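# Chains, contacts and geometry: an overview
These are the residues of each chain, in order.
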Amino acid sequence: TGSISREAPYFLEYIKRQLLDKFGFKRVYAKGLKVYTTLDLKVQKLAEQHFLNAPVFKNKAVEDYADFGGSFLAIDPTDGSIRAMIGGRDFTRNKYNRAVQARRQPGSSFKPFVYAAAFASGISPSKTMMDEPWSKWDPGSQKWWSPGNYGGKYSYEYVTLAYALAKSLNVVAVKTCEMVGVEKVISMAQRLGIKSPLVPNLTLALGSSEVTLLEMVSAYGSFANQGIHVQPRGIIRVEDADGQTIYEEEIVEREVLDEKVAYTMVRAMMGVVEFGTAT
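Quick caveat, the model's predicted, so the values are computed rather than measured.

Counting secondary structure elements, the protein contains 10 helices and 11 strands. Dimensions along the principal axes, computed over C-alpha positions, put the protein at roughly 70 × 45 × 40 Å. In the protein, the proportion of contacts linking residues at least 24 apart, taken out of those at least 6 apart, comes to 71%. As displayed, the protein has an accessible area near 15,000 Å², and 51% of this comes from carbon and sulfur atoms. Of note, the protein has its 34 positive side-chain charges centred 3 Å away from the centre of its 30 negative side-chain charges.

Written out as structure tokens, the structure reads:
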């Protein structure tokens, strides 16, 4: 409808591309299809309000900073329904949808996959590691690699993995990745919903491999949904001009993580906002 095109142009374009792939140009534009989507306009409007008024955009008008943007995505983890999608600040100026097309380094938001792989391997969240400067010889570059904590700060104490996750300690994340094995971390991320190629080295623990926002939100949903991953979907069903249902988007779900491990991850990630980096 007109209101949706104004409120959610990136989502509308996302749906349109799917329809063109499924039905072709002529049927989409000339046959009067009626499309029911997962979008929640209340959530979308709230997202747009806060997104466009974000402090990071202050004093950077889109007219002067056309390439300075971002994206937003809200998905119901229980059925994969996309409730809100923002692909940039101004669709009329830039139709590139950063929510689904842009691959970016996820940075520390990748760390939960490292710890999920550890917990799934039987390692306890209460296991401790020393938080101190650490180096690793890289045979590829023939150099020592020294990942550092943010701001170069260390406690020089033994900390639990749960604490390290909450405080986003880089060194502990990398050491955990080494302990579990890079391949297990990659396997975990892929099971949870990451589809982009992942570089098989220890920098992976710090989010060096580029992924999409859609992949990240979908993967995090696996934690929230008790270890069940549900494929993201934007279409509920499509009817023809006579009101007959010609397509229904099925809910595709699969168990990717033990329920107990998923619960452990949720509890550990709550620490991020309770006493960690997101207080």
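When we look at burial in helix 8 (residues 182-192), the residues that qualify are Val182, Val185, Ile186, Met188, Ala189 and Leu192. Viewed along the axis of helix 8, the buried residues span an arc of 160 degrees, placing them on a single side of the element. Lining the buried residues of helix 8 we find helix 5 (111-120), helix 7 (170-180), helix 9 (213-224) and strand 8 (228-230). Count one or two residues on from helix 8 and you reach Gly193, which has phi positive near 135 degrees.

Note: strand 2 (residues 72-75) against strand 3 (residues 82-86), 4 bridges, orientation antiparallel. Considered in strand 3, the bridge of Leu73 is made with Met85. As consecutive antiparallel partners, strand 2 and strand 3 are separated by 6 residues, and within that stretch Gly80 has a phi angle of approximately 80 degrees, a positive value.

Right, let's talk about unusual backbone geometry for a bit. One non-glycine residue, Asn59, lies in positive phi territory at about 65 degrees. With respect to the helices and strands, the residue Asn59 is situated in the loop between helix 4 (41-52) and strand 2. A residue is classified by how much of its surface remains accessible, and Asn59, at 70% relative accessible area, is exposed. Despite not being glycine, Gln226 has its phi angle at roughly 60 degrees, a positive value. Inspection of the secondary structure puts Gln226 in the loop between helix 9 and strand 8.

Before going further, it helps to examine the side chain of Asn97. Tracing the backbone shows Asn97 in the loop between strand 3 and helix 5. In this structure the side chain of Asn97 is engaged in a polar contact, spanning 3.0 Å, whose partner is the backbone nitrogen of Ala99. Setting aside residues up to four positions removed in sequence, Asn97 forms contacts with Tyr10, Tyr14, Met85, Gly87 and Ala102.

It is worth spelling out helix 5 at this point. Burial of helix 5 is extensive: 9 of the 10 residues sit out of reach of the surface. Along helix 5, the residues classified as buried are Lys111, Pro112, Phe113, Val114, Tyr115, Ala116, Ala117, Ala118 and Phe119. In this structure, the buried residues of helix 5 make contact with helix 6 (161-167), helix 7, helix 8, helix 9 and helix 10 (259-274). Within two residues after helix 5, Gly122 carries a phi angle of roughly 95 degrees, on the positive side.

Our next topic: the pattern of salt bridges. Summed over the entire model, instances satisfying the criterion amount to 7 salt bridges. One salt bridge in this structure joins Asp76 and Arg83, with 3.8 Å as the shortest N-O distance. With relative accessibility at 22%, the residue Asp76 sits in the partly exposed group. Put simply, Glu13, Lys16 and Arg17 are held in one network by salt bridges that share partners.

Tracing the backbone through its elements, the reader meets Glu255 in strand 11 (residues 253-255). We classify Glu255 as exposed; its relative accessible area is 59%. Residues Glu255 and Gln226, spaced 29 residues apart in sequence, show a C-alpha to C-alpha distance of 8.7 Å.

In this section: the packing of aromatic side chains. Scanning the entire structure with this criterion turns up 14 aromatic pairs. Here Tyr163 and Phe275 contribute two aromatic rings whose centre-to-centre distance is 6.2 Å and whose plane-to-plane angle is 20 degrees, an arrangement assigned as stacked. Of this pair, Tyr163 sits in helix 6 while Phe275 sits in the segment after helix 10, and the two are 112 residues apart along the sequence. Residue Tyr163 is classed as partly exposed on the basis of its relative accessible area of 35%. Relative accessible area serves as the criterion here: at 39%, Phe275 is assigned to the partly exposed category. Following the ring pairs from residue to residue traces out a cluster consisting of Phe110, Phe113, Tyr220 and Phe223. In this structure, Arg89 is placed above the aromatic ring of Phe57, and the distance from its NZ or CZ to the ring centre is 4.4 Å.

About the thresholds
- Residues numbered from 1 in each chain as written.
- Predicted model: local features only at pLDDT ≥ 70, side-chain atom pairs only at ≥ 80, totals over all residues.
- Heavy atoms only, no water.
- Helix = DSSP H or I, 4+ residues; strand = E, 2+ residues; numbered from the N terminus.
- Contact = heavy atoms within 4.5 Å.
- Areas by Shrake-Rupley, 256 points an atom, 1.4 Å probe, with all protein chains shown as cover.
- Lys, Arg positive; Asp, Glu negative; His and termini not counted.
- Charge placed at Lys NZ, Arg CZ, Asp CG, Glu CD.
- Buried < 20%, exposed > 50% of the residue type's maximum accessible area, 1.4 Å probe, protein only.
- Arc of directions from axis to C-beta.
- Pairing = 2+ DSSP bridges.
- Polar contact = N/O pair within 3.5 Å; in protein donor to acceptor, adjacent residues only side chain to side chain.
- Salt bridge = Lys/Arg side-chain N within 4 Å of Asp/Glu carboxyl O.
- Phe/Tyr/Trp six-rings, centres within 6.5 Å; stacked < 30°, edge-to-face > 60°.
- Lys NZ or Arg CZ within 6 Å of the ring centre and 35° of its normal.

Function cannot be read off these values alone, since they describe shape.
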